[in-house]
Structure formats: structure tokens, C-alpha cells
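A look at the structure
The chain contents come next:
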Amino acid sequence: MIRLHRKFPLLLLGLALGGNCIGSQSADADLHDQGRAIYNYRCYFCHGYSGNAKTLSSQYLDPAPRDFSRSDPDSLSRDDMIASVTSGKPGTAMHGFSRVLSEREIELVVDFVRTEFMHEQRPNTRYHTAANGWPGHDRYQHAYPFATGTKPLDTPWQNLNRLEIRGKQLFLSSCITCHDGAMAGSTGEIWRKQSVSYPRNNFSYSEIDAVSSASVYASHDIPPRIERLSAQARAGKKLWQRNCAFCHAADGTGENWIGSFLEHKPRNLTTTSFMGSMSRTRLRQRIRDGLPDTSMPAWKYVLGDAEIEQIVSYIDEAFHPLAPK
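Residues numbered from 1 in each chain as written. Predicted model: local features only at pLDDT ≥ 70, side-chain atom pairs only at ≥ 80, totals over all residues. Heavy atoms only, no water.

1. Considerations on the packing of helix α10 (residues 280-289) against helix α11 (residues 305-318)
Between α10 and α11, whose axes approach to 10 Å, the crossing angle comes to 125 degrees. In terms of their interaxial angle, α10 and α11 are classed as oblique. The way α10 lies across α11 gives a crossing that is right-handed. Residue-level contacts link Arg 280, Leu 283, Arg 284, Ile 287 and Arg 288 of α10 to Asp 305, Ile 308, Glu 309, Ile 311, Val 312, Ser 313, Ile 315 and Asp 316 of α11. For the contact of α10 with α11, a count of residues per class yields six nonpolar, one polar and six charged. (Axes fitted to C-alpha atoms, helices over the stretch in contact; angles between N-to-C directions. Helix = DSSP H or I, 4+ residues; strand = E, 2+ residues; numbered from the N terminus. Parallel < 35°, antiparallel > 145°, perpendicular 65-115°, else oblique. Left-handed = near helix turned anticlockwise from the far one by under 90°. Contact = heavy atoms within 4.5 Å. Nonpolar A, V, L, I, M, F, W, Y, C, P; charged D, E, K, R; others polar.)

Right, dumping it as C-alpha cells:
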């Protein structure tokens, strides 16, 4: 008696229905990878390569980007996700993508997120691969505990063994630019948050100055030097660095590394072409209420009226004079 494999009847059923199981699986994988490509280009810098929102941007955004790895697919429906990607979510940094993605592309990226992160809990694409410009990344292995948070970065040097000392030195010299959310054992603010730009290897936005060999975005991470700022503007400068420079750049141009990804691009607050017609009242309203269909969120949920006024004063004195009304 010949025993059939238990999957054999399913294959017969597929053939009887005129389907091709292998071809169907291949087509599904292709659609999944199309969704992956969209996610890795449009979504990773807020939601993370693994969908868990463990990103630098999540430290600046309130509310934080959604952690898909902890999202119940039964509670968060596919239709709701498609609506969010299409039209955005008011009161958050999640803006609508209907102007840059087709309806089919939105469906593909939503299906990818639901399958990859919510149902199957996969890690998606590992960023530090040779294909992404990181050959031989294992040479940084001693720094991994500090980058992943399994070893507190503020552990005293005398409490580290030889390999841990090497790893901490490597982390501080090579890794901290991107992994500056390292875990600390003590409470209090260890690292000051600020906008940081760096080139992405093997990517079209990775433009390097041929003379200095530095990222062309790095100069925009330096705030302008103003001889005299009012007390109101000085307070606004601190708020700007903590909340606004991530997208608009420290110098207000919006030409930093993160700004290059956003659509629509962050406003250049130093140009007369835009700021020439901008008043304090209009700017105050835009900061407070945000701009629909853009990545500009409503800051009234994060900042008070007095803090928004301080930011307006800093923009007025540091970047471009504003009309009083």
C-alpha cells in the first residue's frame, strides 16, 4: 500500500481547480517583497526596520510611532490601517501618503506590515548587511551589548572586563551616531537630544562632499550663531533643538538628512520666498495646529501656548524676520 504525503491531497485539489501552488506562492512572495520595498523606503525611519518603533525619531515624537510588533491584528483592522496610510492620523506625525503612493501600493505595504510584524513577528530586513553597505559588520560584535541595550552604557569602566571595555570604546567611536538611544543604568538625561545627519551607504541620498569627504547634510546640523537673542528667543532655541530641528534642521533650512526623506519637504524658514509673507500669527497657528497631508504635526498636544510663542520668537530672530501680525 502506497502512503500519500499528507500535503498531497492539497496539491491535487490545487491542480484540480486549475491553480498552480508553486506559482501562487511565488506570486504571493513577490507581492510581499513589493510591500517590503515600500516599507523600507517610506516607513522604516519612524516605525523601524522590525516594525517595533525603536528608532531615533520615536524619541522626538509624541505620541510615538506605532509598534506593530505589539499590535493585535484582530483589534487593528486592515481597513483602518489602509485609512491611516491613505489619510494620516490627526494629532500625530503620521501623515497621509495618498499623494505619493497609489491605492495598490498602500494595500501592499499594509499587507506586508500585517504579515511580517503583526502575524509572523519577523525582523524584516537586517540593516547591517553587505547589501546595505555594511560588509563584515561582525567586527563590531563587542559593541553590540551597548547598541542593543543589554549592557548599560554608563557602567563604570572599572566594572567592565577587557572585551567589554573594547566594546564600549568601539561603540562610542563608531556606533553612537546612529544608536544614540543606548540604555543607561542611572536615571536622568544622559544624552542631549539633537538633530544629527549622516549619509546612508549605497543610497541615492548619500551625497558626499568630494573635498571634505563629509556628508553634505552635516553643515545643516549646526545652529546659526546669533550675537544677541532675547530671553524669549533663547528659550525658543532650546525648544527648537529638542522638537523642530529633527525635520527642519538646526539651521532652519530643512536640508538635513531626515528632511531629504520627507514629502512634502520641510519648509526652509530662512528664505524670503516663503517667509516674506509669513506673520507671527500664521506661523503660530501652523505650529499649533499642524498642516494636513504633510509630516507637520499639531504641536498643541505637546507644547503649551507660551512654548510655541518662544519658538516663534526664535524663528523670527534667528532665521527670518516675521511680520508682527
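From this point, the discussion proceeds with the structure in view.
2. Some points on the nonpolar core
Tyr 39, Met 81, Val 110 and Val 113 are the most contacted members of the largest nonpolar core, which totals 29 residues. Broken down by secondary-structure element, the contributors of at least two residues to this core are α2 (21-42), α3 (44-47), α4 (78-87) and α5 (103-119). With eight residues, the top contributor of residues to this core is α5. If near-sequence neighbours (up to four positions away) are discounted, Tyr 39 is found in contact with Tyr 44, His 47, Gly 48, Tyr 49, Gly 51, Val 109, Phe 112, Val 113, Phe 117 and Asn 124. Listed in part, the 22 residues of the second largest apolar core include Ala 245, Met 275, Met 278 and Tyr 314. (Core = buried A, V, L, I, M, F, W, Y, C linked by side-chain atoms within 4.5 Å. Buried < 20%, exposed > 50% of the residue type's maximum accessible area, 1.4 Å probe, protein only.)

3. Here we look at the confidence of the model for the chain
A residue-level look at the chain finds 79% of positions with pLDDT of 70 or above and a mean pLDDT of 80. Across the chain, element-level confidence peaks in α4 with a mean pLDDT of 96 and bottoms out in helix α1 (residues 8-16) with 40. Residue range residues 1-18 is modelled with pLDDT below 50. Its contacts to residues more than four positions away, or to other chains, number three contacts. In the model, residues 208-213 has pLDDT below 50 throughout and makes seven contacts with residues more than four positions away in sequence or in other chains. (pLDDT = per-residue confidence, 0-100.)

4. Points about the state of the cysteines
Tallied over the full model, the rule gives zero disulfides. No disulfide involves Cys 244; its sulfur sits 9.0 Å from that of Cys 247, the nearest cysteine. (Disulfide = S-S within 2.5 Å.)

5. Points about the packing of aromatic side chains
In total, this model carries nine aromatic pairs according to the counting rule given. Considering the side-chain rings of Tyr 44 and Tyr 49, the 4.5 Å spacing of their centres and the 20 degrees angle between planes classify their relative orientation as stacked. Residue Tyr 44 is classed as buried on the basis of its relative accessible area, which comes to 10%. Using a relative accessible area of 13% as the deciding quantity, one classes Tyr 49 as buried. Residues Tyr 314 and Phe 319 carry aromatic rings whose centres are separated by 5.3 Å and whose planes lie at 75 degrees to one another, so their mutual orientation is edge-to-face. Across the pair, Phe 319 and Tyr 314 agree in class, each one buried. (Phe/Tyr/Trp six-rings, centres within 6.5 Å; stacked < 30°, edge-to-face > 60°.)

6. Thoughts on the environment of Phe 117
In this fold, Phe 117 is placed in helix α5. Remark: the alpha-carbon pair of Phe 117 and Tyr 49, spanning 68 residues in sequence, is separated by 10.0 Å. Excluding anything up to four places from it in sequence, Phe 117 contacts Tyr 39, Tyr 49, Ser 50, Gly 51, Phe 68, Ser 69, Phe 112, Arg 122 and Asn 124.

7. Regarding α10
Among all positions of α10, only Arg 280, Leu 283, Arg 286 and Ile 287 are buried. Taken down its axis, α10 places every buried residue within 130 degrees of arc, on the same side. As for α10, its buried residues are in contact with α9 (272-275) and α11. Residue Gly 290 follows α10 closely and has a positive phi angle near 75 degrees. (Arc of directions from axis to C-beta.)

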